[in-house]
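So the chains spell out like this:
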Amino acid sequence: MQQIFDPVRHKNVKARVKEAIKSEFNHCCAYCGSKSKRLTLDHVLAESKGGVDSWLNLVPACAKCNRSKGSKNLTDWYTASLPCYSKERLQRILNRYSMNSGVFPPNRSQGFTSLV
Ligand SMILES: [Zn+2]
């Protein structure tokens with residue numbers, strides 16, 4: 001197996017991972033469920049807050065949700081008072097994220113402060 005680092009190849013891998021995450025969610029926003037052609041990938045837990053650098057920490061988000069969430073903690077922002085809130089969607093995101101550590105629910109030190 002070739003072990004030479006190829007930046008172009010590396011880029012392609014990243015693009016493929018992005019595609020895989022989006023298709024995992026049927027090209028819908030993980031937060032509001034709307035289908036969007038312009039999905040961005042959002043860090044469930046910002047790396048600045050200790051979020052892991054893993055595809056499990058990334059979910060597709062529409063521009064609206066991405067803007068609205070900003071750098072807030074997921075569970076501070078994604079609450080029942082949000083018009084697009086869905087308990088099932090939140091659970092899915094958290095279940096997925098917890099596969100990083102095998103710990104569920106993610107604890108306070110991981111930035112999840114008000115789990116439902
Ligand atoms: Zn959205």
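Definitions and limits used
Residues numbered from 1 in each chain as written. Predicted model: local features only at pLDDT ≥ 70, side-chain atom pairs only at ≥ 80, totals over all residues. Heavy atoms only, no water. Helix = DSSP H or I, 4+ residues; strand = E, 2+ residues; numbered from the N terminus. Buried < 20%, exposed > 50% of the residue type's maximum accessible area, 1.4 Å probe, protein only. Contact = heavy atoms within 4.5 Å. Areas by Shrake-Rupley, 256 points an atom, 1.4 Å probe, with all protein chains shown as cover. Donors = N, O, S within 2.8 Å, 3.2 Å for Na, K, Ca; no water. Patch = residues over 30% accessible without salt bridge, like charges linked within 9 Å, V, L, I, M, F, W, Y side chains within 5 Å. Salt bridge = Lys/Arg side-chain N within 4 Å of Asp/Glu carboxyl O. Phe/Tyr/Trp six-rings, centres within 6.5 Å; stacked < 30°, edge-to-face > 60°. Lys NZ or Arg CZ within 6 Å of the ring centre and 35° of its normal. Expected span 1.5 Å × (residues − 1).

A. Summary view of the overall build of the protein chain. Scanning the protein chain from N- to C-terminus turns up four helices and two strands. For the protein chain, the α and β elements follow one another from N to C terminus as α-β-β-α-α-α. Scored against the burial criterion, the 116 residues of the protein chain give a buried share of 34%. Look at the contacts in the protein chain between residues 6 or more apart in sequence, and 55% of them connect residues 24 or more apart. For the protein chain, the exposed area adds up to about 7,500 Å²; of that, 54% sits on carbon and sulfur atoms.

B. How the structure looks around the coordination of the zinc ion. Around the zinc ion, the protein contributes the donor atoms Cys29 (SG), Cys32 (SG), Cys62 (SG) and Cys65 (SG), at 2.3 Å from the metal centre. Look at where the donors of the zinc ion fall in the sequence and you get C-x2-C-x29-C-x2-C. Within this pair, whereas Cys32 is found in the loop between α1 (7–24) and β1 (40–43), its partner Cys62 is found in the loop between β2 (58–61) and α2 (63–69), the two being separated by 30 residues in sequence. Note on Cys32: relative accessible area 21%, which makes it partly exposed.

C. Looking closely at a nonpolar patch on the surface. A cluster of nonpolar side chains, Val13, Val17 and Trp55, forms an exposed patch at the surface whose accessible area comes to about 260 Å². Topologically, Val17 is positioned in helix α1.

D. Main features of the packing of aromatic side chains. Within this structure, the stated rule accounts for four aromatic pairs. Judged by centre distance (5.0 Å) and plane angle (85°), the rings of Tyr31 and Trp77 are edge-to-face. Remark: Trp77 occurs in helix α3 (residues 74–77) and Tyr31 occurs in the loop between α1 and β1; sequence separation between them is 46 residues. We classify Tyr31 as buried; its relative accessible area is 0%. In this structure Trp77 comes out as buried when scored by relative accessible area, which is 6%. Where Tyr31 meets Tyr78, the ring centres are 5.9 Å apart and the plane angle is 45°; that geometry is what we call tilted. In this pair, Tyr31 sits in the loop between α1 and β1 while Tyr78 sits in the loop between α3 and α4 (87–98), placing the two residues 47 residues apart along the sequence. Joined through ring pairs, the aromatic side chains of Tyr31, Trp77, Tyr78 and Tyr85 make up one cluster. The ring of Phe25 has Arg92 lying over it, and the distance from NZ or CZ to the ring centre is 4.2 Å.

E. Structural view of α4. For α4, which comprises twelve residues, the first-to-last C-alpha distance of 16 Å matches the rise-based estimate of 16 Å (1.5 Å per residue) to within 8%. Within the sequence span of α4, burial applies to Leu90, Ile93, Leu94, Arg96, Tyr97 and Ser98.

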